[in-house]
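Spelled out, the chains give:
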Amino acid sequence: MLILLPPSEGKAGAGDGPVLDLSTLSFPSLPRQAVLDALTALCEGSRARAVLGLSEGQLGEIDKNRLLRTVPTLTAAGLYTGVLYDNLGLASLPPEAAVRAQERLLIFSGLWGLLRITDRIPPYRLSMGVNLPPLGGLGAFWRRSVTPVLDAEPGLVVDLRSSTYAAAWRPGDRAVAVRVLKDGKVVSHMAKATRGAIARSLLLGDVDPQSPDELVKVLDELGHTVALGPAPTGSRSWTVDVLT
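Just so it is clear, the model here is predicted, and its values are computed rather than measured.

Trainee: Help me understand the packing of helix H1 (residues 32-42) against helix H7 (residues 138-151) in this model?
Mentor: When two helices pack together, their arrangement is given by the angle between their axes and by how far apart the axes lie. Remark: H1 packs on H7, axes separated minimally by 11 Å, with the N-to-C direction vectors making an angle of 160°. Relative to H7, H1 is oriented roughly antiparallel. Between H1, through Arg-32, Ala-34 and Val-35, and H7, the contact on the second element is made entirely by Leu-138, Phe-141 and Trp-142. Here the contact of H1 with H7 is built from residues that sort into five nonpolar, no polar and one charged.

Trainee: Whenever I open this one, the packing of aromatic side chains confuses me. Can you help?
Mentor: The relative placement of two aromatic rings is captured by the distance of their centres and the angle of their planes. Going through the model one piece at a time under the given rule, you end up with three aromatic pairs. Relative to Tyr-124, the ring of Trp-112 lies with its centre 5.8 Å away and its plane at 85°, an arrangement referred to as edge-to-face. Residue Trp-112 is found in the loop between strand E3 (105-109) and strand E4 (113-115), and its partner Tyr-124 is found in the loop between strand E5 (120-121) and strand E6 (131-132); the two are separated by twelve residues along the sequence. Given the relative accessible area of 0%, Trp-112 is considered buried. Judged by relative accessible area, which is 2%, Tyr-124 ranks as buried. Just above the ring of Tyr-124 sits the side chain of Lys-11; from NZ or CZ to the centre is 4.7 Å. Its guanidinium or amino end placed over the ring of Phe-108, Arg-161 lies 4.5 Å from that ring's centre, counting from NZ or CZ.

Trainee: Help me out: how do you make sense of the side chain of Arg-104 in this one?
Mentor: The residue Arg-104 is located in helix H6 (residues 95-104) in this model. It is Asp-206 that comes nearest to the buried, bridge-free Arg-104 among opposite-charge side chains, at 4.6 Å. Of note is the side chain of Arg-104, whose polar atom sits 2.7 Å from the backbone oxygen of Val-207. Leaving out residues up to four positions away in the same chain, Arg-104 has contacts with Met-1, Leu-2, Ile-3, Val-207 and Asp-208.

Trainee: Explain the side chain of Ser-109 here, please?
Mentor: In this structure, Ser-109 sits in strand E3. Under the relative-accessibility criterion, Ser-109 is labelled buried at 0%. With near-sequence residues (within four places) excluded, Ser-109 lies in contact with Tyr-80, Leu-115, Tyr-124, Met-128, Trp-142 and Tyr-165.

Trainee: Help me understand the nonpolar core, please; the structure alone is not making it clear to me.
Mentor: Generally speaking, nonpolar side chains in soluble globular proteins are found buried as a group. The biggest cluster of nonpolar side chains holds 78 residues, and the ones touching the most others in it are Ile-3, Tyr-80, Trp-112, Leu-126 and Leu-202. For this core, the leading source of residues is H7, giving six residues. Filtering out sequence-adjacent residues up to four positions away, Leu-126 remains in contact with Val-35, Leu-39, Leu-52, Gly-110, Leu-111, Leu-132, Leu-138 and Tyr-165.

Trainee: Explain the pairing of E3 to me, please; I cannot follow it from the model alone.
Mentor: Every regular strand shows the same layout, with side chains that alternate between the two sheet faces. The element E3 is extensively covered by neighbouring structure, given that five of its five residues are classed as buried. Neither face of E3 is left uncovered, since the one carrying Leu-105, Ile-107 and Ser-109 and the one carrying Leu-106 and Phe-108 both have all their residues buried. As paired strands, E3 and E4 are joined by three bridges and run antiparallel to one another. Bridge assignment links Ile-107 to a residue of E4, and that residue is Leu-115. Once E3 ends, the chain turns through three residues before running back antiparallel as E4.

Cut-offs used in this document
Residues numbered from 1 in each chain as written. Predicted model: local features only at pLDDT ≥ 70, side-chain atom pairs only at ≥ 80, totals over all residues. Heavy atoms only, no water. Axes fitted to C-alpha atoms, helices over the stretch in contact; angles between N-to-C directions. Helix = DSSP H or I, 4+ residues; strand = E, 2+ residues; numbered from the N terminus. Parallel < 35°, antiparallel > 145°, perpendicular 65-115°, else oblique. Contact = heavy atoms within 4.5 Å. Nonpolar A, V, L, I, M, F, W, Y, C, P; charged D, E, K, R; others polar. Phe/Tyr/Trp six-rings, centres within 6.5 Å; stacked < 30°, edge-to-face > 60°. Buried < 20%, exposed > 50% of the residue type's maximum accessible area, 1.4 Å probe, protein only. Lys NZ or Arg CZ within 6 Å of the ring centre and 35° of its normal. Lys, Arg positive; Asp, Glu negative; His and termini not counted. Salt bridge = Lys/Arg side-chain N within 4 Å of Asp/Glu carboxyl O. Polar contact = N/O pair within 3.5 Å; in protein donor to acceptor, adjacent residues only side chain to side chain. Core = buried A, V, L, I, M, F, W, Y, C linked by side-chain atoms within 4.5 Å. Pairing = 2+ DSSP bridges.

The following block contains the structure:
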């Protein structure tokens with residue numbers, strides 16, 4: 001089983017490890033150097049704020065991007081601090097679940113493509129939704145290289161990504177996308193907390209469902225109220241609704 005996560009906009013302020021070494025990251029075939037070069041070049045010019053969609057109070061993010069090659073790194077597990085990651089609680093997982101997290105969690109990133117939680121990277125700012133000159137839309141850019149890598153990975157895919165990051169890989173009917181509903185309506189901010197809790201439950205439970213039906217059974221046994229959607233058509237994924 002693979003569990004797909006988005007990154008978070010909230011990040012730790014600084015690392016305490018060695019500087020960035022792309023050769024040490026998981027999935028070394030991904031074209032990270034091209035994105036890193038394009039981002040740092042952008043942040044040396046005057047268009048960075050507009051392209052990255054930053055507010056006046058976020059201009060410090062441009063300086064972070066300029067210094068990506070020279071500042072200390074930290075693990076992806078320590079970097080992301082948003083609501084989903086607060087509820088996932090990687091630091092408090094017991095040892096066996098922590099090992100499963102290292103094997104099963106994949107984080108999608110506009111800058112790095114794919115990360116495992118042990119990969120060491122510096123703080124940065126780049127959403128998958130950015131159109132980054134000269135590479136273009138990052139979702140389409142990453143999809144070309146991520147798709148063959150992940151298509152070769154076996155097992156059921158539990159997709160906890162937001163729509164922006166889902167553009168980088170479309171796993172089809174081997175995947176189950178998790179939606180969060182309250183009073184019959186899809187929710188957004190609360191969904192991050194629920195998705196983090198779902199991921200934590202799957203890691204703590206030491207489970208490995210092989211089909212959407214098995215996933216629904218497992219989540220029900222783990223205390224979640226869920227419902228499997230109808231069989232998908234075309235290249236779409238299955239959907240499971242989590243009721244809150």
